[in-house]
Amino acid sequence: MQKRPITVSYIFFYLLFSEDIWRIVAGFICALFLGPLLTQGRNLSQGGEVMAWLMVMAIGWSVTAWPAKKITGALQRAVKRASK
């Protein structure tokens, strides 16, 4: 079997159809929205704030497993329908 050349479009579609990328993005978005609410007014040290943001990001990553699977499945079905 011949290997496919690695191009920018190949990397883009690989990332688009990867469940992990969707989970990482969702975790990052959760941290952006919930991080300030969690750390505001608690007099945490800088290390404490970083740890709280990382925990929110990890929780967001783990919670979004099912939606990420559904998103990538829907994208794959859409591409298969479009190629017919």
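Residues numbered from 1 in each chain as written. Predicted model: local features only at pLDDT ≥ 70, side-chain atom pairs only at ≥ 80, totals over all residues. Heavy atoms only, no water.

1. A look at unusual backbone geometry
Test applied: Runs of E in the DSSP output that reach at least two residues are strands. Runs of H or I that reach at least four are helices, and both are numbered from the N terminus.
With phi around 50°, Asn-43 is a residue other than glycine that occupies positive phi space. Its place among the elements puts Asn-43 in the loop between α2 (19–39) and α3 (46–63).

2. Section: the packing of aromatic side chains
Stated precisely, the cut-off is as follows: When two rings of Phe, Tyr or Trp (its six-membered ring) have centres within 6.5 Å they constitute a pair, described as stacked for plane angles under 30 degrees, edge-to-face for angles over 60, and tilted for the intermediate range. The rule is simple: take the accessible area with a 1.4 Å probe, protein chains only, and divide by the maximum for that residue type; under 20% is buried, over 50% is exposed, in between is partly exposed. Both a distance and an angle decide whether a charge sits over a ring: NZ of Lys or CZ of Arg must be within 6 Å of the ring centre and within 35 degrees of the ring normal.
Enumeration over the complete set of coordinates arrives at 2 aromatic pairs. Geometrically, the ring pair formed by Phe-13 and Phe-17 is stacked, given 6.2 Å between the ring centres and 20° between the ring planes. Residue class for Phe-17 comes out partly exposed when judged on its relative accessible area of 23%. Taken together, the ring pairs in this structure connect Phe-12, Phe-13 and Phe-17 into an aromatic cluster. Its guanidinium or amino end placed over the ring of Trp-61, Arg-23 lies 3.8 Å from that ring's centre, counting from NZ or CZ.

On their own, these measurements won't tell you what the molecule is for.
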